[in-house]
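Survey of secondary and tertiary structure
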Amino acid sequence: MSRPTSSSAALPIAYVTLRILIIMNWMMVVVILALLFVVPNEHWIMRSFGLSPSPEAERLVMGLRAIAVLGLAAIPLNYVVLKRLLAIVETVRAGDPFVAANASRLQSIAWALLTLQLLSLVIGAIAKAVSIPRHPLHLDAGVSVSGWLAVLLTFLLARVFAEGALMREELEGTV
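The rules behind the values
- Residues numbered from 1 in each chain as written.
- Predicted model: local features only at pLDDT ≥ 70, side-chain atom pairs only at ≥ 80, totals over all residues.
- Heavy atoms only, no water.
- Helix = DSSP H or I, 4+ residues; strand = E, 2+ residues; numbered from the N terminus.
- Rg over C-alpha atoms; globule rule 2.2 N^0.38 Å.
- Buried < 20%, exposed > 50% of the residue type's maximum accessible area, 1.4 Å probe, protein only.
- Contact = heavy atoms within 4.5 Å.
- Areas by Shrake-Rupley, 256 points an atom, 1.4 Å probe, with all protein chains shown as cover.
- Lys, Arg positive; Asp, Glu negative; His and termini not counted.
- Charge placed at Lys NZ, Arg CZ, Asp CG, Glu CD.
- Core = buried A, V, L, I, M, F, W, Y, C linked by side-chain atoms within 4.5 Å.
- Phe/Tyr/Trp six-rings, centres within 6.5 Å; stacked < 30°, edge-to-face > 60°.
- Lys NZ or Arg CZ within 6 Å of the ring centre and 35° of its normal.

1. Describing the overall build of the protein chain
Secondary structure assignment for the protein chain yields 5 helices and 0 strands. Seen in sequence order, the protein chain has helices and strands lined up from the N terminus as α-α-α-α-α. Taking 2.2 N^0.38 as the reference for a compact globule, 175 residues should give roughly 16 Å; the C-alpha atoms of the protein chain span a radius of gyration of 21 Å, well beyond that estimate. Overall, the protein chain is about 75 × 25 × 20 Å in size when its C-alpha atoms are taken along their principal axes. Burial statistics for the protein chain: of 175 residues in total, 33% are counted as buried. Looking at the protein chain alone, contacts between residues at least 24 apart form 78% of all its contacts between residues at least 6 apart. Here the protein chain has roughly 10800 Å² of accessible surface; of this, 71% comes from carbon and sulfur atoms. A distance of 7 Å separates the average location of the 13 positive side-chain charges in the protein chain from that of its 10 negative side-chain charges.

Okay, structure coming up:
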């Protein structure tokens with residue numbers, strides 16, 4: 001039961017924005033791989049932090065490399081979120097958002113967001129472990145109340161969409 005959508009400017013903007021974010025997400029693979037293998041060596045990293053060779057400096061370099069690897073792990077998770085959101089936007093544009101497929105997409109998004117939050121905790125722990133008093137490593141990682149709320153909200157929204165799709169199917173079956 002498809003209905004025409006309103007002429008809201010938000011949907012085309014969301015569609016284009018998500019497309020751009022998907023491209024930028026994949027571009028991050030190149031950036032992170034360059035950071036891991038092309039640009040830096042241990043000397044370059046220590047010089048950029050103003051460090052002299054020491055066990056502390058080596059620990060910091062290894063921590064930064066571990067964080068970069070975890071950044072690579074986040075890219076496919078971000079792709080899952082962005083691609084599913086794009087598919088949901090397309091169903092909204094078609095006037096048919098309350099379908100079981102969107103409930104499933106939201107469930108996938110919720111799991112990806114949960115995994116990203118767990119990755120953030122690990123990244124925050126690594127940053128804390130390798131920080132040195134002279135050069136503390138401050139990253140926007142660790143516990144994020146809004147991130148955890150987004151996870152809970154997305155799981156809840158997935159359930160709402162599943163129930164809405166089921167109710168719609170039952171209603172169509174009685175008509």
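From this point on, the discussion continues.
2. Examining the nonpolar core
Counting residues in hydrophobic clusters, the biggest one holds 20 residues, and the most contacted among them are I67, L106, L119 and L137. At the level of secondary structure, the elements contributing two or more residues to this core comprise α3 (55-93), α4 (100-130) and α5 (145-174). If you tally residues by element for this core, the top one is α4, at 10 residues.

3. Details of the packing of aromatic side chains
The tally for this structure, following the rule as stated, stands at 3 aromatic pairs. Ring centres of W111 and F155 lie 5.0 Å apart, and the angle between their planes is 85 degrees; this geometry places the pair in the edge-to-face category. Pair noted here: W111 is in helix α4 and F155 is in helix α5, with a separation of 44 residues, a long-range link. In this structure, R93 packs its charged tip against the face of Y15, placed 4.7 Å from the ring centre.

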